[in-house]
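Examination of the molecular architecture
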Amino acid sequence: MSTADLDRQFVRAPYAVSFLSQGQTFTLVTLHVLYGEAPADRVPELRAIATWLAGWVERGFGWDHNLIALGDFNIDRAGDPLFQAFTSTGLVPAPQLEGLPRTIFDDPGAEDFNDQIAWFTKDQKRRPVLALDTVTGGHVDFVPPLQGDRTLTDLSWRISDHYPLWVEFAIPAQ
């Protein structure tokens with residue numbers, strides 16, 4: 001990683017967990033990018049995260065197969081400089097989540113890309129990629145059953161302003 005990408009540690013420490021299911025190793029890495037005053041403030045951290053994740057999977061350790069990055073990357077929209085920094089090393093967001101609201105404050109048709117689930121795909125060279133097919137994905141809209149007489153702002157402070165996202169993967173039978 002070059003010092004031009006990030007001259008300090010990540011704002012919030014990433015956490016990773018690996019597990020084995022049906023002979024497939026998964027590593028989930030959760031990250032939360034600092035929001036910052038201006039979108040340009042987030043570009044160096046997003047680029048550094050993408051570089052760090054790419055370097056991790058390229059090291060060839062047995063436990064890094066099927067690396068899946070997830071979290072609040074504070075990306076405003078597809079194609080913007082934040083999205084380009086996040087995808088610069090080949091991370092591909094889950095297509096099943098495209099167009100879904102990420103927060104309870106999203107306006108229909110103007111959804112942000114704050115939260116993502118992403119991985120490296122077969123289109124990449126020299127890098128282990130996700131060895132699983134994705135089946136489906138979505139988000140959990142907890143507002144209707146939990147809002148009651150609360151405002152959305154109150155609900156965001158009591159529960160969250162972000163919808164939980166999910167993606168289902170097909171694990172090949174052994």
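For the structure itself, look to the data block above.
Now for a look at the structure at hand. (Residues numbered from 1 in each chain as written. Predicted model: local features only at pLDDT ≥ 70, side-chain atom pairs only at ≥ 80, totals over all residues. Heavy atoms only, no water.)

1. Quick notes on the overall build of the protein
In terms of helices and strands, the protein carries four helices and seven strands. Each helix and strand of the protein, placed in order from N terminus to C terminus, yields the pattern β-β-α-β-α-β-β-β-α-α-β. By the burial criterion, 41% of the 174 residues in the protein qualify as buried. (Helix = DSSP H or I, 4+ residues; strand = E, 2+ residues; numbered from the N terminus. Buried < 20%, exposed > 50% of the residue type's maximum accessible area, 1.4 Å probe, protein only.)

2. Considerations on the pairing of strand 7 (residues 165-170)
Of the two faces of strand 7, only one is covered, namely that formed by Leu165, Val167 and Phe169; the face formed by Trp166, Glu168 and Ala170 stays uncovered. Bridging between strand 6 (residues 133-139) and strand 7 involves six bridges; their strand directions are antiparallel. Its bridge partner being in strand 7, histidine 139 is matched across the sheet by leucine 165. (Pairing = 2+ DSSP bridges.)

3. Considerations on the environment of arginine 42
Structurally, the position occupied by arginine 42 is in the loop between strand 2 (24-32) and helix 1 (43-58). The spacing of arginine 42 and leucine 82 is 40 residues in sequence and 6.9 Å in space, taken between C-alpha atoms. A polar side-chain atom of arginine 42 sits 2.5 Å from the main-chain carbonyl oxygen of asparagine 74. (Polar contact = N/O pair within 3.5 Å; in protein donor to acceptor, adjacent residues only side chain to side chain.)

4. Comments concerning the nonpolar core
Note on soluble globular proteins: their nonpolar side chains tend to be buried together. Counting 23 residues, the largest nonpolar core has Leu46, Leu53, Phe73 and Ile75 as its most contacted members. Elements with a contribution of two residues or more to this core: strand 2, helix 1, strand 3 (67-72), helix 2 (81-86) and strand 5 (115-120). Element by element, the count of residues in this core is highest for helix 1, at eight residues. Those residues in contact with leucine 53 that sit more than four places away from it in its chain are Val29, Leu31, Leu67, Ala69, Leu91 and Phe120. Among the nonpolar cores identified, the runner-up in size contains 12 residues, and Phe26, Leu97, Leu100 and Ile117 belong to it. (Core = buried A, V, L, I, M, F, W, Y, C linked by side-chain atoms within 4.5 Å. Contact = heavy atoms within 4.5 Å.)

5. Considering the pattern of salt bridges
On inspection of all chains with the given rule, the structure shows three salt bridges. Of the charged contacts in the structure, one is a salt bridge between aspartate 76 and arginine 42, with a shortest N-O distance of 3.5 Å. Here the residue aspartate 76 occupies a position in the loop between strand 3 and helix 2, and arginine 42 occupies one in the loop between strand 2 and helix 1, the gap between them amounting to 34 residues. A salt bridge links arginine 150 to aspartate 154, with the shortest nitrogen-to-oxygen separation between them at 3.9 Å. Residues participating in the shared-partner salt-bridge network are Arg150, Asp154 and Arg158. (Salt bridge = Lys/Arg side-chain N within 4 Å of Asp/Glu carboxyl O.)

6. Comments concerning the packing of aromatic side chains
Tallied over the full model, the rule gives six aromatic pairs. Centre to centre, the rings of tryptophan 52 and tryptophan 56 are 5.3 Å apart; their planes meet at 40°, and the pair counts as tilted. Of the two residues, tryptophan 52 and tryptophan 56 are both situated in helix 1; the distance of four residues between them amounts to about one turn of the helix. Among the residues examined, tryptophan 56 registers a relative accessible area of 8% and is labelled buried. Note on phenylalanine 73 and phenylalanine 86: the rings are 4.4 Å apart at their centroids and 45° apart in plane angle, and the pair reads as tilted. On the criterion of sequence distance, the pair formed by phenylalanine 73 in the loop between strand 3 and helix 2 and phenylalanine 86 in helix 2 is long-range, its members being 13 residues apart. Overall, the relative accessible area of 0% leaves phenylalanine 86 in the buried class. Here arginine 102 stacks its cationic end above the ring of phenylalanine 113, 5.4 Å away from the centre of that ring. (Phe/Tyr/Trp six-rings, centres within 6.5 Å; stacked < 30°, edge-to-face > 60°. Lys NZ or Arg CZ within 6 Å of the ring centre and 35° of its normal.)

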